[in-house]
Amino acid sequence: MKKHNFSAGPCILPQEVFQEASQAILDFNNSGLSILEISHRSKDFVDVMDEARNLALELLGLEGLGYKALFLQGGASTQFLMTAYNLLQTKAGYLNTGTWSDKSIKEAKLFGDIIEVASSKDANYKYIPKGFVLPEGLDYLHLTSNNTIFGTQIKNFPEVDCPLICDMSSDIFSRKLDFSKFDLIYAGAQKNMGPAGTTLVVIREDILGKVTRAIPSMLDYKTHISKGSMFNTPSVYAVYVSMLTMRWLKAKGGIDAIEEINDRKAGLLYSEIELNPLFTGFAAKEDRSSMNATFSLTDGDLKETFDAMWKEAGINGLNGHRSVGGYRASMYNAMSLESVGTLVDVMSELERKA
Ligand SMILES: *Cc1c(COP(=O)(O)O)cnc(C)c1O
């Protein structure tokens, strides 16, 4: 039986995508070759890459606005340093909202002065700092839209007069935003858009070329823009499966349609966390993520019973990250409302039993 996969990553993808992707391993486009053995320079694959790049811009509403979409390797973690390498000349601002922000700050410090404009580290990142004042003359401001580990999400993005960079690894394509506010968006595929192995970067070309340092070819966005993400061998299969997932999302009605479902899923789970006296939420209510819900039992003695019950119900990956403890339910785009319903049923069943 297919499990209800609440794991934070890598990825949960639509069943249709798994089916089509598995067929392509055997025979891609009736070519008599597997997607794993065709040349990345073949027309069949160049078409996949073009479609993937176009779909990313189309879904984000960024076509014709001076943006380029790239599919790179090295994960979101490489973007922590690549953003600074390409864009940090003197000083940049970082909002520290969790482990991933913290890691991006550490990398950026290798390239210039980093000003932590605000941080919620003192409260184990259970809220998103607001109302902070930005210093003048920043090369850019870096944000993490969704804090996968702590279950918080930025709901209102600050108005800034410098370039805005955002790590959207765990909520890309999940909700409507004015994406043209951002100058660079990056996302490791393996949370909400595809298998591990590729990272989407959407970048406004005109922010490049302003730093004086020499940049190695592989770490220079300009290299990848000029070669259409084909400077070296791309992660063919990861890009292909990401493309299938974006096709699936477009057919479903795009971000508008998926946001509605995501809001219903999050609403269902959070209302159970609020109403059921056996559970308590971790993240501040106004900052709760619609992708990753963090919560715990009010009575630790029930842990063994609860764990056995959700496992019995076919639920996978509910344990919280070690830095928060408790539970974390990740509800990425491909998770159905029914799966969330299964979890909520187990939680209310525990209340009846206890
Ligand atoms: C998972 C995650 C990362 C790290 O991604 P890798 O691709 O493993 O480097 C970075 N940022 C956020 C918000 C994440 O959720």
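Reading the values: rules and limits
Residues numbered from 1 in each chain as written. Predicted model: local features only at pLDDT ≥ 70, side-chain atom pairs only at ≥ 80, totals over all residues. Heavy atoms only, no water. UniProt positions renumbered as here; feature names shortened; annotations may be inferred. Axes fitted to C-alpha atoms, helices over the stretch in contact; angles between N-to-C directions. Helix = DSSP H or I, 4+ residues; strand = E, 2+ residues; numbered from the N terminus. Parallel < 35°, antiparallel > 145°, perpendicular 65-115°, else oblique. Left-handed = near helix turned anticlockwise from the far one by under 90°. Contact = heavy atoms within 4.5 Å. Nonpolar A, V, L, I, M, F, W, Y, C, P; charged D, E, K, R; others polar. Pairing = 2+ DSSP bridges. Salt bridge = Lys/Arg side-chain N within 4 Å of Asp/Glu carboxyl O. Buried < 20%, exposed > 50% of the residue type's maximum accessible area, 1.4 Å probe, protein only. Near = heavy atom within 4 Å. Polar contact = N/O pair within 3.5 Å; in protein donor to acceptor, adjacent residues only side chain to side chain. Areas by Shrake-Rupley, 256 points an atom, 1.4 Å probe, with all protein chains shown as cover.

The name that an unreviewed UniProt entry assigns to the protein chain is Phosphoserine aminotransferase, with the source organism given as Dokdonia pacifica. Per UniProt, the comment on the protein chain under Subunit (unreviewed entry) is "Homodimer." What UniProt states about the protein chain under its Sequence similarities (unreviewed entry) heading is, verbatim, "Belongs to the class-V pyridoxal-phosphate-dependent aminotransferase family. SerC subfamily."

A. The arrangement of the packing of helix α8 (residues 303-312) against helix α9 (residues 337-353) in detail. It is the contact of α8 with α9, at a shortest axis distance of 10 Å, that shows an interaxial angle of 140°. As summarised for this structure, α8 and α9 are arranged oblique, according to the angle between their axes. Considering only the axes of α8 and α9, their crossing is right-handed. Listed contacts from α9 to Thr305, Phe306, Met309 and Trp310 of α8 are Val346, Met347, Glu349, Leu350 and Lys353. Counted by class, the contact of α8 with α9 contains six nonpolar, one polar and two charged residues.

B. Looking closely at the UniProt feature "binding site: L-glutamate" (unreviewed entry) in the protein chain. Mapped onto the present numbering, the UniProt feature "binding site: L-glutamate" (unreviewed entry) falls at Arg41. Within the secondary structure, Arg41 is located in the loop between α1 (15-26) and α2 (43-60).

C. The sheet that holds strand β12 (residues 292-297), seen in detail. Overall, antiparallel pairing links the three strands, which are arranged β11-β12-β14 in an open sheet. The sheet is open, and its two edges are formed by β11 (279-281) and β14 (327-330), each paired on a single side. Between one strand axis and the next, the sheet turns by 35° as a mean value, whatever way the strands run. Strand direction decides the pairing type here: β12 and β14, joined by four bridges, are antiparallel. Each residue of the ladder has a partner; that of Ala293, found in β14, is Ala329.

D. Up close: the pattern of salt bridges. Counted according to the given criterion, the structure contains 18 salt bridges. Between Asp50 and Arg53 there is a salt bridge whose closest N-O contact spans 2.9 Å. Of the two residues, Asp50 and Arg53 are both situated in helix α2; the distance of three residues between them amounts to about one turn of the helix. By relative accessible area, which is 30% here, Asp50 ends up partly exposed. The buried category is assigned to Arg53, whose relative accessible area is 18%. For Glu286, the salt bridge is made with Lys130, and the minimal N-O distance between the two is 3.8 Å.

E. Here's a closer look at the site of the ligand. Near the ligand lie 13 residues; those nearest to it are Ser77, Thr148, Asp167, Gln190 and Lys191. Residue Ser77 places a side-chain N or O atom 2.6 Å away from an oxygen atom belonging to the ligand. Here an oxygen atom of the ligand and a side-chain polar atom of Thr148 are 2.5 Å apart. Here the ligand, which alone exposes 390 Å², has 88% of that area covered by the protein. It is helix α3 (residues 75-87) that provides the largest number of residues to the shell around the ligand, a total of four residues. Along the lines of polarity and charge, the residues of the shell around the ligand split into three nonpolar, eight polar and two charged.

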